[in-house]
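Inside the fold
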2 protein chains.
Amino acid sequence: MKIGKQTIKLESKPCIFSTSSIVGPKEMQGPLAQYFDMHIKDVFFDEKSFEKAESKMLETCINNLIVKSGISQKDIDVIFSGDLLNQCISSCFAIRDFDVPFLGLYGACSTFCEGLLLSSLLIEGNTANEVVASASSHFCSAERQFRLPLEHGNQKSTTAQATVTASGAALVTNRKIADNGIHITHVTPGKIIDLGVKDISNMGAAMAPAAFSTISNHLTDTGRDINYYDCIFTGDLGMHGSDMLKELFKNEGVDITHRHNDCGVLIYDEKSQDVNCGGSGCGCIASVFSSYIFNELKAKKLNKILLVATGALMSPLSSSQGESIPGIAHAIAIENEV
Amino acid sequence: MKIGKQTIKLESKPCIFSTSSIVGPKEMQGPLAQYFDMHIKDVFFDEKSFEKAESKMLETCINNLIVKSGISQKDIDVIFSGDLLNQCISSCFAIRDFDVPFLGLYGACSTFCEGLLLSSLLIEGNTANEVVASASSHFCSAERQFRLPLEHGNQKSTTAQATVTASGAALVTNRKIADNGIHITHVTPGKIIDLGVKDISNMGAAMAPAAFSTISNHLTDTGRDINYYDCIFTGDLGMHGSDMLKELFKNEGVDITHRHNDCGVLIYDEKSQDVNCGGSGCGCIASVFSSYIFNELKAKKLNKILLVATGALMSPLSSSQGESIPGIAHAIAIENEV
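Here's a quick rundown of the structure.

Observations regarding the relation of the copies chain A and chain B
Of the transformation superimposing chain A on chain B, the axial component is 0.0 Å and the angular component is 180°, with the fit at an RMSD of 0.0 Å. The transformation just described matches what one would write down for a two-fold rotation axis. Taking C-alpha positions as the reference, the residue of chain A nearest the rotation axis is Gly 125 of chain A, at 1.7 Å. A share of 100% of interface residues in chain A that are also interface residues in chain B marks the association as one of identical surfaces.

Now the structure itself:
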């Protein structure tokens, strides 16, 4: 049921039953290593190209999810997935071997939350029983598609983020789970916000206003205060974009400092890993949610979170044609049953 | 409610309230000219690039839909859209100026039906009241992205299809409309089917098995016969792919010849327009449904149709890495209230 201007309240409280994550070697050297289900030892994952490696990573991630969930492929009604590659080939080839209906998404780095949002709406409408939301990204496939081939060895600007090599997947179900009541209670699909930022090495700045818009509207629509949530996790504003988000809220007289974290900041160690402003890519929030955050929810260390995936909706071509970078953010309220 | 293995029956019968179409000059010379709402006189549409022209076309199409529907932007809960361009920039930039939540899709030429399908599921679940499903493609932007720059003047193979320059949009609503009862009654989201076709100049062959799979499963799930429907409209198998689909059904002892048509075949005149196997692209089924087919439904010349959008889920990169072309097809049963 729609409440307010932009938010949907889910009466049936769809349950996130389980999650699966897989990351690359660099992510495995980061502070969240202990939470990931699996990692690949080298970026090729025994494949002949970065793109094939990314597909295999996503396919493995969904297969692991199925095993962890104790279900079989035939129990899944739909798989939602998307990625950063042109024509979303990472997802299309990953899901090719599943005997399950597929609905492809493109929302740049907001894709995972777009998938979770649509999964929960299908459950809410009693139009599906078990739905998978998934997303992936790969540093090497993204670099050569969006920027320059790795062999070029170009230097990054200080505001740039590093695309995370990772996949994440979650199973959303209408089953009533006694000991695992992690529910999606509200979703707020985002509008495109474009304040004219054109610097493709500063996507945090392009996306922060979209995150601000969606979070603000979510709070207004639900009548909630920022302190209602244990934490608002954005992904992936990086360090610079996170600072901007705090500033935007500060202008409204709201201090989110102790209620906000960013998946792009969490996944790497700023001091020891050379990642400038942090991580980015569809796989970042997908893998951080599907490991660390879901783990904290299960352990009841977190009980109420707002998961806000942000996307920068440009392409190399749109930027070369002088366009600015439109941003988007989708918010998902995830709460433990109390 | 799910019925059978792959189909969802929509108890609330979401209504397609109105549609909007806009096409390019070549499409306006074709046999469906009288049905389109609007056409652009040249492929640049007063913009500086083909990509910007495509975005403007889609934006205009959605604006026209809003006017035709007698609603305002604030009445729309979500816009679904997708296109063929890398990172779906046609949709992202088209929808940037709308103050409406946006959910981006990628399903290649199946995108329009993916949008209609998800729109109807949101209505069914009472999670939205008014939803727009839209898609676009542009011959010139697609040619230079997927194949060669137009300036190259390359010759097409006889099995190739021509990307349609067009946008289409439909408004799906939960309102009960007295004199316009065009309802979505069932949807069948498709699985990825890949029989190993690698010829990117023969995408009809790559997609026909997916269309066959989805249509067959739809009929099994609903317990319907092929003759239940006045017509099954695929889009876009083209002439060669349509022949393959007929052959696949013939092998099962089913003759679909008089119950099948293809939007890629309908949109051009095979004899006078140089399009080889017919039209393709997200905008083809989007514009043909949003003009000719919707018109025939309103006029009660058609009362029961199955709309089946097919997509070829490859990219130039996946093909250059030796991959085959995965196909997908999503089916939507659209029926007049009797």
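Side note on the packing of helix α6 (residues 203–222) of chain B against helix α7 (residues 238–251) of chain B
Residues and elements named next belong to chain B. Close contact between α6 and α7 brings their axes to 8 Å; oriented N to C, the two are set at 40°. On the basis of their axis angle, the class for α6 and α7 is oblique. Judged by the twist between their axes, the crossing of α6 over α7 is right-handed. Taking contact as the criterion, the partners of Gly 204, Ala 205, Met 207, Ala 208, Pro 209, Ala 211 and Phe 212 in α6 are, on α7, Gly 238, His 240, Gly 241, Met 244, Leu 245, Leu 248 and Phe 249. A breakdown of the residues in the contact of α6 with α7 according to their chemical character gives 10 nonpolar, 4 polar and no charged.

Topic: the packing of helix α4 (residues 111–124) of chain A against helix α9 (residues 282–298) of chain A
Helix-helix packing is described using two parameters, namely the angle between the two axes and the distance between the axes. Residues and elements named next belong to chain A. Contact geometry of α4 with α9 gives a least axis separation of 7 Å together with a crossing angle of 55°. Between α4 and α9, the angle falls in the class oblique. On the side of α4, the interface is formed by Thr 111, Phe 112 and Cys 113, while α9 contributes Cys 282, Ile 285, Ala 286 and Phe 289.

Considering the environment of Ile 267 of chain B
Residue and element names in this part refer to chain B. Here Ile 267 shows up in the loop between α8 (263–266) and β13 (279–280). By the C-beta count within 10 Å, which is 33 here, Ile 267 ends up buried. For the pair Ile 267 and Ser 21, spaced 246 residues apart in sequence, the C-alpha separation works out to 13 Å. Beyond its immediate sequence surroundings of up to four residues, Ile 267 is in contact with Glu 27, Gly 30, Leu 32, Val 164, Gly 279, Cys 284 and Val 288.

Focus: the interface of chain A and chain B
On the side of chain B, 52 residues touch chain A, which itself brings 52 residues to the contact. For the side of chain A that touches chain B, the elements supplying multiple residues, two or more each, are α2 (50–69), β5 (78–82), α3 (89–95), β6 (102–104), α4 and α10 (316–320) of chain A. Looking at which element gives the most residues to the side of chain A that touches chain B, the answer is α4 of chain A, with 5 residues. Tallied by class, residues from the side of chain A that touches chain B come to 26 nonpolar, 15 polar and 11 charged.

Reading the values: rules and limits
Counting restarts for each chain: residues are numbered from 1 in the order of the written sequence. Following the order in which they are written, the chains are lettered starting with A and the ligands numbered starting with 1. Thresholds applied to this predicted model are a pLDDT of at least 70 for local features of residues and 80 or more for the giving and counting of side-chain atom pairs; totals over whole chains, interfaces and linings are not thresholded and use all residues. Copies overlap after least-squares fitting; the atoms used are the C-alpha atoms of residues with pLDDT of at least 70 in both. Contact criterion: two residues are in contact if their C-beta atoms, reconstructed from the backbone, are within 7 Å. Under this scheme, a helix contributes an axis fitted over its contacting stretch, all axes are lines through C-alpha atoms, and angles between N-to-C directions fall in the 0 to 180 degree range. Counting from the N terminus, the helices are DSSP H or I runs at least four residues long and the strands are E runs at least two residues long. When describing relative orientation, an angle under 35 degrees is termed roughly parallel and one over 145 degrees roughly antiparallel, while 65 to 115 degrees is termed roughly perpendicular and anything else oblique. The crossing is said to be left-handed when, going from far helix to near helix, the turn is anticlockwise and less than a right angle, and right-handed when the turn is clockwise. Classification used: nonpolar for Ala, Val, Leu, Ile, Met, Phe, Trp, Tyr, Cys and Pro, charged for Asp, Glu, Lys and Arg, polar for all others including Gly. With C-beta atoms placed from the backbone, a residue is labelled by how many other C-beta atoms lie within 10 Å of its own: buried for 20 or more, exposed for 12 or fewer, partly exposed between the two.

By themselves, these are just geometric observations and shouldn't be taken as functional.
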